[in-house]
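# Examination of the molecular architecture
The chain contents come next:
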Amino acid sequence: MLDANGRRYPLIEGQLWAIGRGDGCTIMLDSRSVSRLHALIQRRDTGDFSLVDLGSRNGSFVNSRRVSVPVVLCDGDHVVFGDQELSFHNAQRANSPLEAPGADTRNAPTTSLHTHSLTTILVVDIRDFTPLARSVSEALLSQTIGTWFLKVGQIAQRLGSWAQKYIGDAMMAVWVHDDRMRIRTDLLRALHAVTDINNATAEINHTLPLPGPLRIGAGMNTGHAILGGTDYTALGDTVNAAFRLEAATKTLGLSVAIGDRTYNELALPPGSPFVRREVELKGYEALSTAWATSFDDLRLFLQATGELRG
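Residues numbered from 1 in each chain as written. Predicted model: local features only at pLDDT ≥ 70, side-chain atom pairs only at ≥ 80, totals over all residues. Heavy atoms only, no water.

### A look at the sheet that holds strand β9 (residues 78–81)
The antiparallel open sheet is built from five strands, whose spatial order is β1-β10-β9-β6-β7. Only two strands of the sheet have a single partner each, and these edge strands are β1 (2–3) and β7 (65–66). Pairing analysis gives two bridges linking β1 to strand β10 (residues 84–87), with the strands arranged antiparallel. Bridge pairing in β10 places L2 opposite S87. (Pairing = 2+ DSSP bridges. Helix = DSSP H or I, 4+ residues; strand = E, 2+ residues; numbered from the N terminus.)

### Digging into the side chain of T120
In this fold, T120 is placed in strand β11 (residues 114–126). On the accessibility criterion, T120 (0% relative accessible area) is buried. At 2.7 Å, the side chain of T120 forms a polar contact with the side chain of H177. A polar contact is formed between the side chain of T120 and the side chain of T222, at a distance of 2.8 Å. Sequence-distant contacts of T120, defined by excluding residues within four places in its chain, comprise A173, V174, W175, H177, L187, M220, N221 and T222. (Buried < 20%, exposed > 50% of the residue type's maximum accessible area, 1.4 Å probe, protein only. Polar contact = N/O pair within 3.5 Å; in protein donor to acceptor, adjacent residues only side chain to side chain. Contact = heavy atoms within 4.5 Å.)

### Overview of the packing of helix α4 (residues 183–207) against helix α7 (residues 295–305)
Packing of α4 against α7 leaves a shortest axis separation of 10 Å and a crossing angle of 125°. Taken as axis vectors, α4 and α7 run oblique relative to one another. As α4 runs across α7, the sense of the crossing is left-handed. Every residue of α7 that contacts α4 at L188, L191, V194, T195 and N198 is listed here: F295, L298, R299 and L302. Along the lines of polarity and charge, the residues of the contact of α4 with α7 split into six nonpolar, two polar and one charged. (Axes fitted to C-alpha atoms, helices over the stretch in contact; angles between N-to-C directions. Parallel < 35°, antiparallel > 145°, perpendicular 65-115°, else oblique. Left-handed = near helix turned anticlockwise from the far one by under 90°. Nonpolar A, V, L, I, M, F, W, Y, C, P; charged D, E, K, R; others polar.)

### Remarks on helix α3 (residues 138–158)
Under the 1.5 Å per step criterion, the end-to-end length of α3 is 30 Å for 21 residues, consistent within 8% with the ideal 30 Å. By the criterion of burial, α3 is predominantly enclosed, with 15 of the 21 residues buried. Sitting at the head of α3, S137 places a side-chain oxygen 3.1 Å from the backbone nitrogen of L140. Just past α3, the residue G160 takes up positive phi, approximately 95°. (Expected span 1.5 Å × (residues − 1).)

### Describing the pattern of salt bridges
With the rule as written, the count across this model stands at eight salt bridges. The closest approach of N and O atoms between R127 and E246, which form a salt bridge, is 2.4 Å. Of this pair, R127 sits in the loop between β11 and α2 (129–135) while E246 sits in helix α5 (residues 237–252), placing them 119 residues apart in sequence. Each member of the pair, R127 together with E246, is buried. With its nearest N and O atoms 3.6 Å apart, the salt bridge here joins D296 to R299. Placement of both D296 and R299 in helix α7 is noted, with a separation of three residues, approximately one turn of the helix. (Salt bridge = Lys/Arg side-chain N within 4 Å of Asp/Glu carboxyl O.)

So, in structure tokens, the structure goes:
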């Protein structure tokens, strides 16, 4: 990061940098227009840097657009915090070196498209987001969604997600199954992510003055998808079904729904908390099989079976 006076703020050590005028901020900006803890920059495993506003009084802007959800920064972006103007430079991203021989790239994103990758897609959505947006200030809304996205992104990355995308009030995480022998391990890590994301959401409820509890739903589906591109995305019917499964949790009255293949690949021992349901997924003519459970039952089951850490 480079400010108008030529002062540089190198983003080298670590994965997370705080921006503000308070003590302890990596990027300290001496201006009353900047909040004590104004924003965060997070380096993702892909090498990208994301900017998250934390409900700052005067907002964060990238190329004159206010940041209300995490924004991926590009080399040369004009960034404003209050009345402080900076520019973001990431030349290394544009000229990244080749992987060293023998490096583990099993879960590394790529800009080239792969049309037949076996994946698991996890979609987590904030419930009743529109009423929430109408009932709180823009600053509190930004702080809520920014904090939530930051936490869920960190959880997904820690548990092996290939990439994450933030879509409105939802997060999509992708696990790529390059090793057929590791599919069950990958799926258990994704379920671990589900329970950790629910716990992180509960923590936000305790730390922010929201008018009601922040609630989420989760859908997970396994199958082939198109992967890659400059924004490290996943496309295809497997992805669409994951979003539909998450939406189906609202009618099922449960918090988590996984697809039939996901359930079969998990090969869970007796006592599984998942119940089989035939559901109507939007855009699909025939009924689909979903396996549904609650966050609490999933957590207790994984703890009881010793599978929580996959």
